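Here is how the chains run, residue by residue.
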Amino acid sequence: MSGQNHSSRSPWYARLHVQILLAMAAGALLGLLFGDTAAWLLGWMGTIFIRLLRMIIVPLIFTSIVTGVASVGSARNLGRLGAKTLGYYLLTSLLAILTGLVLVNVIQPGAGADIGGARQAEMPELRTPNSLAEIFLRLIPTNPVAALAGGDVLGIIFFGILLGVFLTQLPEAHRSRIGGLFQSGFELMMLLTGGIIRLAPLGVLGLMTRAVAETGFETFRVLGIYMATLAGGLTLHLFVTLPLLLLLAGIRPWVHFRNVSEAMAMAFSTASSSATLPVTMRAVEKRVGASNKVTSFVLPMGATINMDGTALYECVGVIFIAQVLDFGLSFQAQVVVVLTALLASIGAAGIPSAGLVMIFIVTEAINLRGPEVAVIIGTMLAVDRPLDMYRTMINVFSDTCGAAIIARTEGEKGVDVS
Ligand code: ASP
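These figures come from a predicted structure and were not determined experimentally.

Scoring rules and cut-offs
Residues numbered from 1 in each chain as written. Predicted model: local features only at pLDDT ≥ 70, side-chain atom pairs only at ≥ 80, totals over all residues. Heavy atoms only, no water. Near = heavy atom within 4 Å. Polar contact = N/O pair within 3.5 Å; in protein donor to acceptor, adjacent residues only side chain to side chain. Areas by Shrake-Rupley, 256 points an atom, 1.4 Å probe, with all protein chains shown as cover. Helix = DSSP H or I, 4+ residues; strand = E, 2+ residues; numbered from the N terminus. Buried < 20%, exposed > 50% of the residue type's maximum accessible area, 1.4 Å probe, protein only. Salt bridge = Lys/Arg side-chain N within 4 Å of Asp/Glu carboxyl O. Expected span 1.5 Å × (residues − 1). Bend = angle between axes of the 7 residues up to and from the residue. Patch = residues over 30% accessible without salt bridge, like charges linked within 9 Å, V, L, I, M, F, W, Y side chains within 5 Å. Phe/Tyr/Trp six-rings, centres within 6.5 Å; stacked < 30°, edge-to-face > 60°. Core = buried A, V, L, I, M, F, W, Y, C linked by side-chain atoms within 4.5 Å. Contact = heavy atoms within 4.5 Å. pLDDT = per-residue confidence, 0-100.

Colleague: Looking at this structure, I do not really get the site of the ligand. What am I missing?
Modeller: The immediate surroundings of the ligand are formed by 16 residues, with Ser273, Thr310, Gly355, Asp388 and Arg391 found nearest. Here an oxygen atom of the ligand and a side-chain polar atom of serine 273 are 2.3 Å apart. Separating a nitrogen atom of the ligand from a backbone N or O atom of isoleucine 351 is a distance of 3.1 Å. In isolation the ligand has 270 Å² of accessible area, and contact with the protein removes 100% of it.

Have a look at this one:
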């Protein structure tokens, strides 16, 4: 595609990832200098861009899953792929949580912090967090058409997997007809995604300007050490843990970073794994070079349930609250924090600030309740945007690593070679 230019011969300023990075920097600067005026002038581009991305999500995941699963073939292969995927999700989320746990205990960002004077921000709309059993039940849509119409991603994944499995058992005449239809639909959605991504520099400019303009700087001072602890943990996970896993699978991390840089930039500026999903899928198929079989399995589900950054955040956030309130946490309580942080990250939706709302699951689990807790969480909300952007980037990066690693273990040769 002419506008989607990654060739090394094109001038540097014509390359999409360079344009996205420049747009991020320009947006941050404009938001900082001109505040609300800049947000008003440019923010609409971000809104349109997010709407375009969301427009493509349902048809993209649906066609991708059906074709991907149909290409896996036997139920045995499917089971193996599913087990690897879930194993990867659990392993990386737990590693992220443990990194956060160690840092928050060593740095103690909440000890002696005075949150009393901090302003209490308005909480986002509170939906009761789901229990694990509920999440599993929700997988089965009672009406697949409603799941598609309502954008119920887990329901669509479930229905898509079943369609893919049974598609392979149809007699040849039907199989090639309907299979071909899904395949062509998927190719069309990928092409459309590519077209939308060409608008990314403009969309990112709008999103960054608004994000920077809307975040005040006062509360940052109070919560500076908390933010630094979180950012440190996320950075370790991004630059040490996940690259080590890539290396173990025989993938050069820097090649992978370069291949998924657009998806990472998009995750950072949208703070939404779900909105980023089309970009992630395109990057992993077209640039990382993983098969549709693996990407369609790992990425859509990953965008909903594999959130390493969010998992780390839940753990650090809750222990920070406990430290501020001088609420001692026994070893057992810390184990409960680890497990519920994992559940909270699985249950969090891939939308901005979802992780913050899920933090109540973890505080409840260790009996940390009361108005003070709400005040502290309100204060954390005031500085949540940049942390949300960063953790979303790690959520998405982990999904892409999972796809590359699983593709390698499935014997795919061309993954992250250039
Ligand atoms: N915004 C994150 C995401 O979409 C979820 C969170 O708030 O942690 O991945």
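Colleague: For this particular structure, what's the right way to read unusual backbone geometry?
Modeller: Apart from glycine, the bulk of residues carry a negative phi angle, and the bulk of peptide bonds sit in the trans form. A positive phi angle is found at alanine 271, which is not glycine, with a value near 55°. Structurally, alanine 271 can be placed in the loop between helix 11 (261-270) and helix 12 (273-288). Positive phi values are uncommon outside glycine, yet aspartate 416 reaches one of about 50°. Structurally, the position occupied by aspartate 416 is in the segment after helix 18 (384-409). Its relative accessible area of 2% is what places aspartate 416 among the buried residues.

Colleague: Explain the pattern of salt bridges here, please?
Modeller: Proximity of charged atoms lets side chains of opposite charge pair with each other. What the rule picks out here adds up to eight salt bridges. When the shortest N-O distance is used, the salt bridge between arginine 369 and glutamate 364 registers 3.1 Å. Taking the shortest distance from any N to any O, the salt bridge between aspartate 384 and arginine 391 comes out at 3.0 Å. Overall, aspartate 384 belongs to the buried group, its relative accessible area being 1%. Because the salt bridges share partners, they merge into one network encompassing Arg80, Lys84, Lys293 and Glu410.

Colleague: Just to check I follow, could you spell out helix 1 (residues 16-72) for this structure?
Modeller: One turn of an α-helix holds 3.6 residues; hence residues three or four places apart share an orientation. When the terminal C-alpha atoms of helix 1 are compared, their 33 Å separation across 57 residues is substantially less than the 84 Å that a helix rising 1.5 Å per residue should span. Within helix 1, the axis deviates most sharply at phenylalanine 34, by approximately 125°. Looking one or two residues past helix 1, glycine 73 carries a phi angle of roughly 85°, positive in sign.

Colleague: Sorry if this is basic, but what is going on with a nonpolar patch on the surface here?
Modeller: Taken together, the side chains of Leu236, Phe239, Val240, Leu244 and Leu247 present a nonpolar region at the surface, about 450 Å² in accessible area. When you line up the elements, leucine 236 lands in helix 9 (residues 224-248).

Colleague: So what exactly am I meant to see when it comes to the packing of aromatic side chains here?
Modeller: All told, the structure shown has five aromatic pairs when counted by the stated rule. Both rings, one in phenylalanine 62 and one in phenylalanine 159, keep their centres 6.2 Å apart while their planes meet at 0°; by these two values the pair is stacked. Pair noted here: phenylalanine 62 is in helix 1 and phenylalanine 159 is in helix 5 (residues 153-167), with a separation of 97 residues, a long-range link. Overall, the relative accessible area of 14% leaves phenylalanine 62 in the buried class. For phenylalanine 159, a relative accessible area of 26% corresponds to the partly exposed category.

Colleague: How should the nonpolar core be read in this particular structure?
Modeller: Among soluble globular proteins, nonpolar side chains are generally buried collectively. Membership of the largest hydrophobic core comes to 121 residues, with the highest contact counts inside it found for Tyr88, Tyr226, Leu238, Met266, Met380 and Phe397. When residues in this core are grouped by element, the largest group, 16 residues, is from helix 1. When residues no more than four places from it in sequence are discounted, the contact partners of tyrosine 226 are Pro109, Tyr313, Gly317, Phe320, Met380, Val383 and Leu387.

Colleague: Would you mind going over the confidence of the model for the protein with me for this structure?
Modeller: The predicted model of the protein averages 85 in pLDDT, with 91% of residues at 70 or higher. Across residues 117-127, confidence stays below pLDDT 50; counting only partners more than four residues off in sequence or on other chains, it has 22 contacts.

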